[in-house]
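One-letter residues, chain by chain:
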Amino acid sequence: MTATNAGNFELGRNFDQGVATGGLDLGPYAAHYSELFADALEDGVITAEERERLDKAADNLGMNRMQLRQLEQAMVNAYEMHHRVKVVERWEESPVSLQPIVVDAAGDEGKAMLLGQIERLNKRVAELESELREARAHVNVEVDVSVLEGNDSAVDESVEQLRARIRRDPTNPRLFARLYRACGDSGDPDGQYRAAQALVALGQADVQQSTLVAKHQPEGLITPARALNGTDWQSSLAHPELEIVTSQIMALIAPAALMGRVAGLRREKKLLPQAENQKQDPAKSTLMAVRALAWAAHVLGMPVPLISADASRDIAYAHVPGMPPYSLVGKAALAGRTQVQSAFLSARHMTYYRAEFFVKVLFPGVTELEDLFLAALLIGSPGLPIAQHLRTRVTPISEALAPMLNPAQLDSLRQQFKAFVADGGRTNLLRWSESVDKTACRAGLLLCGNLSSALEVLQPEEGPKGPLSADLLAFVVSDRYGQLRQKLGIAIQ
């Protein structure tokens, strides 16, 4: 692994770092987690000596003994539900030991289990067909008459009207050209520069616009004056379709979800511990990709994660579950990247460490997110009226997570459930998931300061003019992006 321009990922002397916020707060979970789960769940049998260590770890985790028993039983219940098998309980000498997991699937009983599973699957298929018919009967029809505006030759549009039209048609160069003129007329040099950036990225800039971008675009990294804070994230950086209450519920459940995910990976022998020879100290590392992560964390106002580097891995940046999780840097980030591209990649990667977004690292599928979200709602309101097949599916998850939440977290979940109901009691987790990805790319654009470079990174992932790229084209000329540039001290005055 070669070092490339590592020294450039340094913050200025007058950089106002503020207080790092928004990261995944594991609270007491990380302190003695390995002591709790490393050996005890390896074979499903807990000896008297292991029980003593578990009780000690439970005290360190802030969990009482009854909570720990509930957690153990919840894990057995979740195993039965997930694998559709019967768990045979066999106790050791101590009546409080965790039962070994033994599947009795032999002989006539095994055949009966198989027939029962087929019957359940057929029933589930019928339920899904019924749900599909119902969903098709309730498809929302959205009508947008804003596209029936005046013809394309209008010249008296305001800056805000043009930005609104760009949000609906973010790859139309004529709109950016008119916004470029409107910003010039209104005395907004930074807005004019950002519109010119979009035209350059679209390959439609004239000589004047190209010259403006060449004059003001940094040759290397931006030089921010301060870090972002929580308000900056919520008011300016987060995608507008990112529902706040949904995010807050996800933030509350994320530490417990991580704990359960790590326990599952350990049971399946898939947990990837941080190798000693791959650990990186960003303050001493000569690797640009490693230093970029720490730099991005500071500018985004977040804690710096643990970092490992492995040039044999065909990845750029990856989140590795653990207590705590860590970042793995692979060859796609270690070589062949410019400083600006590294800034984009590292900022995008760091965004997913925010507590409200980390569940996407653990459960990237929308169905998994829906199950986790419903489980959180059930914890906040056990009497939640949901369809029986959904309750059957998510109850084991809620029962496994609830014992890992402390009283303050449980109370916050109840309050967030009330807020969710007050907001209408509806959310779209596909849209939420997509908005998280767009927010991460927006953070990448903010820190790299170069729209063309950001789109170059995204093109292999989604092709030209994909949804993430389209969102960045609209975001680069938005008032929100302009405000963020002002706050960081990088806007053209």
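Parameters and conventions
- Residues numbered from 1 in each chain as written.
- Predicted model: local features only at pLDDT ≥ 70, side-chain atom pairs only at ≥ 80, totals over all residues.
- Heavy atoms only, no water.
- Helix = DSSP H or I, 4+ residues; strand = E, 2+ residues; numbered from the N terminus.
- Buried < 20%, exposed > 50% of the residue type's maximum accessible area, 1.4 Å probe, protein only.
- Contact = heavy atoms within 4.5 Å.
- Areas by Shrake-Rupley, 256 points an atom, 1.4 Å probe, with all protein chains shown as cover.
- Phe/Tyr/Trp six-rings, centres within 6.5 Å; stacked < 30°, edge-to-face > 60°.
- Salt bridge = Lys/Arg side-chain N within 4 Å of Asp/Glu carboxyl O.
- pLDDT = per-residue confidence, 0-100.
- Pairing = 2+ DSSP bridges.
- Axes fitted to C-alpha atoms, helices over the stretch in contact; angles between N-to-C directions.
- Polar contact = N/O pair within 3.5 Å; in protein donor to acceptor, adjacent residues only side chain to side chain.
- Expected span 1.5 Å × (residues − 1).
- Parallel < 35°, antiparallel > 145°, perpendicular 65-115°, else oblique.
- Left-handed = near helix turned anticlockwise from the far one by under 90°.
- Nonpolar A, V, L, I, M, F, W, Y, C, P; charged D, E, K, R; others polar.
- Bend = angle between axes of the 7 residues up to and from the residue.

Caption draft 1: Molecular detail of the overall build of the protein chain. A count of helical and extended segments in the protein chain gives 21 helices and four strands. Of all 493 residues assigned to the protein chain, the portion counted as buried reaches 48%. In the protein chain, 70% of the contacts between residues at least 6 apart in sequence involve partners at least 24 apart. On the protein chain, roughly 24,200 Å² of surface is accessible, and the fraction owed to carbon and sulfur atoms is 52%.

Caption draft 2: Layout of the packing of aromatic side chains. Counting across every chain of the model gives four aromatic pairs. Ring plane angle 75° and centroid distance 5.4 Å describe the contact between phenylalanine 373 and phenylalanine 420, whose orientation is recorded as edge-to-face. Of this pair, phenylalanine 373 sits in helix α15 (residues 366-380) while phenylalanine 420 sits in helix α17 (residues 407-422), and the two are 47 residues apart along the sequence. A relative accessible area of 3% means that phenylalanine 373 is categorised as buried.

Caption draft 3: Seen up close, the pattern of salt bridges. One pass over the structure, following the stated rule, counts 17 salt bridges. The salt bridge involving arginine 178 is made with glutamate 157; its shortest N-O contact spans 2.8 Å. You can see arginine 178 sitting in helix α6 (residues 173-185) and its partner glutamate 157 sitting in the loop between α4 (107-137) and α5 (159-168), a full 21 residues away along the chain. Note on accessibility: arginine 178 and glutamate 157 belong to one class, buried. Note that lysine 487 is salt-bridged to aspartate 232, the shortest N-O span being 3.1 Å. Placement of the pair is lysine 487 in helix α21 (residues 479-488) and aspartate 232 in helix α9 (residues 230-237), with a sequence separation of 255 residues. You can call lysine 487 partly exposed: its relative accessible area is 32%. Judged by its relative accessible area of 2%, aspartate 232 falls in the buried class.

Caption draft 4: The confidence of the model for the protein chain, seen in detail. Per-residue confidence for the protein chain gives a mean pLDDT of 82, with 75% of residues at or over 70. Of the regions scoring below 50 in pLDDT, residues 1-7 engages in 17 contacts with residues more than four places distant in sequence or in other chains. The low-confidence segment residues 87-106, where pLDDT is below 50, has 46 contacts with residues more than four positions distant or belonging to other chains.

Caption draft 5: The sheet that holds strand β4 (residues 326-329), seen in detail. If you walk across this open sheet you meet the four strands as β1-β2-β4-β3, and the pairing is mixed. Two strands lie at the open edges of the sheet, namely β1 (279-280) and β3 (317-320), each paired on one side alone. Here four bridges tie β3 to β4, and the two strands are oriented antiparallel to one another. Note on β4: the bridge partner recorded for tyrosine 317 is valine 329. In this fold helix α11 (residues 288-299) packs onto β1, β2 (306-309), β3 and β4, with an angle of close to 150° to the strand it touches most, β4. Running over the sheet, helix α13 (residues 339-351) touches β3 and β4 and is turned about 20° from β3.

Caption draft 6: A look at the pairing of β4. Here β4 shows a buried face lined by Tyr326 and Leu328 and a second buried face lined by Ser327 and Val329. For β2 and β4, the ladder comprises four bridges, and the chain directions are parallel. Looking at β4, one finds that leucine 306 is bridged to tyrosine 326.

Caption draft 7: Highlighting the side chain of serine 346. Within the element layout of this structure, serine 346 appears in helix α13. By relative accessible area, serine 346 is classed as buried at 0%. A distance of 3.1 Å separates a polar atom in the side chain of serine 346 from the backbone oxygen of alanine 343. In this structure, serine 346 is in contact with Ala292, Leu293, Ala296 and Tyr317, ignoring residues within four places of it in sequence.

Caption draft 8: Region of the structure containing helix α18 (residues 429-448). The end-to-end C-alpha distance of α18 is 29 Å, a good match for the 28 Å that 20 residues give at a rise of 1.5 Å each. The N-cap of α18, judged by a side-chain oxygen 3.1 Å from the amide nitrogen of leucine 430 a few residues on, is asparagine 428. Taken from the residues just after α18, glycine 449 is the one with a positive phi, measuring 65°.

Caption draft 9: Geometry of the packing of helix α19 (residues 451-462) against helix α20 (residues 467-476). Direction vectors running N to C along α19 and α20 enclose 165°, while the axes themselves pass 9 Å from each other. Here α20 runs roughly antiparallel to α19, going by the angle between their axes. Considering the relative orientation of α19 and α20, their crossing is right-handed. Mapping the contact onto sequence places Leu451, Ala454, Leu455, Leu458 and Glu462 in α19 and Pro467, Leu468, Ser469, Leu472, Leu473 and Val476 in α20. Grouping the constituent residues of the contact of α19 with α20 by class yields nine nonpolar, one polar and one charged.

Caption draft 10: Structural view of helix α10 (residues 244-267). Between its first and last C-alpha, α10 extends 34 Å over 24 residues, near the 34 Å set by a 1.5 Å rise per residue. At alanine 254, α10 shows its largest kink, close to 45°, and the proline proline 255 lies no more than four residues downstream. Taking burial as the measure, the 24 residues of α10 include 17 buried ones, the bulk of the element. The positive-phi residue at the C-terminal boundary of α10 is lysine 269, with phi of around 60°.

Caption draft 11: Spotlight on unusual backbone geometry. Cis rather than trans, the peptide bond between methionine 323 and proline 324 has omega equal to 5°. When you line up the elements, proline 324 lands in the loop between β3 and β4. Of note in this structure, lysine 269 is not a glycine but carries a positive phi near 60°. Mapping lysine 269 onto the fold places it in the loop between α10 and β1. Backbone geometry at lysine 465 places phi at a positive 60°, although glycine is not the residue there. In this fold, lysine 465 is placed in the loop between α19 and α20. You can call lysine 465 exposed: its relative accessible area is 56%.

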